[in-house]
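# Examining the three-dimensional arrangement
Residues per chain, in single letters:
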Amino acid sequence: GWSDFFGLMLTIEPGDLATDVRGIGTYATGAPVTGTGIRPTPYSTNFAVNGATYDDVNNAGNISQPHGIGYVWCTMLWDLNWALCNQYGVDYDFYTGTCGNNMAMRLVIEGLKLQPCSPGFVDGRDAILLADQQLYGGANQCLIWEVFAQRGLGFSADQGQSSSRSDQVEAFDLPPSCQVPTSAPVAAFSNALLSSCSGEVNFTASGSSNIEIW
C-alpha cells in the first residue's frame, strides 16, 4: 500500500484527474495504465471503479495479505491526496512545491514517523491527523476525517488487534467537531454540592447537540 501510494504520487502528470483510472503493475501484465493491474481494482476516487472500504480488509477470500490489505489503505491515501489537491491545487515540483499533492506527501511521510510500531488502520489515520496538527496547525482536520470516513475509517471505526485482519469494524461517522449542527446547542450543568464552606462548587456538564466550545 505504501509503495503503491508513492508510485502513484510521483507519476502524477498535468491534466490528471481524481476520477482517472490508475492501475498498478499494468506494464508487467501487458495492460494499459487504465487496466486493473495487480490489485483488485485500479485506483480512483470514483466508487464505481474502486469501491473499497475498511470492511474489505476482513474479506480474506477476495483481499489478499499483505498486498490486498495495502491496496485498501492506499485507496484511502489516494482519496486524501485528491481532496487536498481540490482544496489547494497541484504542484508538479515534488521537491519544493506547497500545493495539495505536496501536502499529502508531507502528511503521509510525517504520519509514518508518528504512528506506533505494528500499526493498524486507525493508528495510521490518527498519525496523519496528528501530522496535520504539527505541520499545518490542524487546518485540515475535518477534510482528513471526511476522506477516511467515506471509506469506512470514520470516528467510530475499530481496528481491533493490529495483528488480526478479521476483527475490524468500519464506521462512516465524523467526530462531533466536524459535524454540521442541526439545532442550537443545549447548555446544561449539574452541581455536586448546593453549598460549600470553601466557596468552590463542582459542576458537571451535560450539554448536547454538538457543543464545540466550552
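Residues numbered from 1 in each chain as written. Predicted model: local features only at pLDDT ≥ 70, side-chain atom pairs only at ≥ 80, totals over all residues. Heavy atoms only, no water.

Here we take up the overall build of the protein. The secondary structure content of the protein amounts to 5 helices and 2 strands. In terms of its C-alpha atoms, the protein occupies a principal-axis envelope of roughly 80 × 40 × 35 Å. Taking all 214 residues of the protein together, 39% fall into the buried category. Accessible surface computed for the protein: about 11400 Å², of which carbon and sulfur atoms make up 55%. Positive and negative charge centroids in the protein, built from 7 and 20 side chains respectively, lie 7 Å apart. (Helix = DSSP H or I, 4+ residues; strand = E, 2+ residues; numbered from the N terminus. Buried < 20%, exposed > 50% of the residue type's maximum accessible area, 1.4 Å probe, protein only. Areas by Shrake-Rupley, 256 points an atom, 1.4 Å probe, with all protein chains shown as cover. Lys, Arg positive; Asp, Glu negative; His and termini not counted. Charge placed at Lys NZ, Arg CZ, Asp CG, Glu CD.)

The end-to-end C-alpha distance of helix α3 (residues 100-114), which contains 15 residues, comes to 21 Å, matching closely the 21 Å that a straight helix rising 1.5 Å per residue would cover. Regarding α3, the residues found buried are Gly100, Asn101, Asn102, Met103, Ala104, Met105, Leu107, Val108, Glu110 and Gly111. (Expected span 1.5 Å × (residues − 1).)

All right, on to the environment of Gly111 then. Looking at where Gly111 falls in the secondary structure, it is placed in helix α3. Taking the relative accessible area as the measure of exposure, Gly111 reaches 3% and is therefore buried. Each C-alpha atom, one on Gly111 and one on Leu130, is 7.4 Å from the other, the two residues being 19 residues apart in sequence.

Here we take up the pattern of salt bridges. Pairing is possible between side chains that carry opposite charge, provided their charged atoms lie close to one another. Counted under the stated rule, the structure contains 4 salt bridges. Across the pair Arg39 and Asp4 runs a salt bridge whose closest N-O atoms are separated by 2.7 Å. Here Asp4 lies in helix α1 (residues 2-9) and Arg39 lies in the loop between α1 and α2 (67-88), a separation of 35 residues in the sequence. Here Arg125 and Asp126 are joined by a salt bridge, their closest N and O atoms 2.9 Å apart. You can call Arg125 buried: its relative accessible area is 4%. (Salt bridge = Lys/Arg side-chain N within 4 Å of Asp/Glu carboxyl O.)

Another point: the packing of aromatic side chains. For the structure shown, the criterion picks out 8 aromatic pairs. Ring centres of Tyr43 and Tyr71 lie 5.7 Å apart, and the angle between their planes is 45 degrees; on these two criteria the pair is classed as tilted. Here Tyr43, found in the loop between α1 and α2, pairs with Tyr71, found in helix α2; they are 28 residues apart in sequence, far enough to count as distant. With respect to class, Tyr43 is no different from Tyr71; both count as buried. Against the face of Phe47 rests Arg151, its NZ or CZ located 3.9 Å from the ring centre. (Phe/Tyr/Trp six-rings, centres within 6.5 Å; stacked < 30°, edge-to-face > 60°. Lys NZ or Arg CZ within 6 Å of the ring centre and 35° of its normal.)

Let us now look at the nonpolar core. Among the nonpolar cores identified, the biggest contains 45 residues, and Trp73, Met76, Phe121, Ile128, Ile144, Phe148 and Leu153 are the most heavily contacted of them. Listing elements by their share of this core, those giving two or more residues are α1, α2, α3, α4 (121-136) and α5 (141-150). With 13 residues, the top contributor of residues to this core is α2. Sequence-distant contacts of Leu153, that is, excluding residues within four places in its chain, are made with Tyr54, Trp73, Met76, Phe121, Val122, Arg125, Trp145, Phe148 and Ala171. (Core = buried A, V, L, I, M, F, W, Y, C linked by side-chain atoms within 4.5 Å. Contact = heavy atoms within 4.5 Å.)

We now examine the state of the cysteines. According to the stated counting rule, one finds 1 disulfide in the structure shown. Disulfide pairing places Cys142 opposite Cys178 at an S-S distance of 2.2 Å. On the sign convention where negative is left-handed, the bridge of Cys142 and Cys178, at about -90 degrees about the S-S bond, is left-handed. You can see Cys142 sitting in helix α5 and its partner Cys178 sitting in the loop between α5 and β1 (189-191), a full 36 residues away along the chain. Note on Cys142: relative accessible area 29%, which makes it partly exposed. Look at Cys178 and you get buried, because its relative accessible area is 9%. (Disulfide = S-S within 2.5 Å.)

With that out of the way, let us pick up a nonpolar patch on the surface. Nonpolar side chains collect at one region of the surface, where Leu10, Phe94 and Tyr95 lie side by side and expose about 390 Å² of accessible area between them. Residue Tyr95 is classed as exposed on the basis of its relative accessible area, which comes to 81%. (Patch = residues over 30% accessible without salt bridge, like charges linked within 9 Å, V, L, I, M, F, W, Y side chains within 5 Å.)

Quick look at the packing of α1 against α3 now. Packing of α1 against α3 brings their axes to within 11 Å, and their N-to-C directions diverge by 155 degrees. Compared by their axis directions, α1 and α3 come out roughly antiparallel. Of the two elements, α1 crosses α3, and the hand of that crossing is left-handed. Residue-level contacts link Trp2, Phe5, Phe6 and Met9 of α1 to Asn101, Ala104, Met105, Val108, Ile109 and Leu112 of α3. (Axes fitted to C-alpha atoms, helices over the stretch in contact; angles between N-to-C directions. Parallel < 35°, antiparallel > 145°, perpendicular 65-115°, else oblique. Left-handed = near helix turned anticlockwise from the far one by under 90°.)

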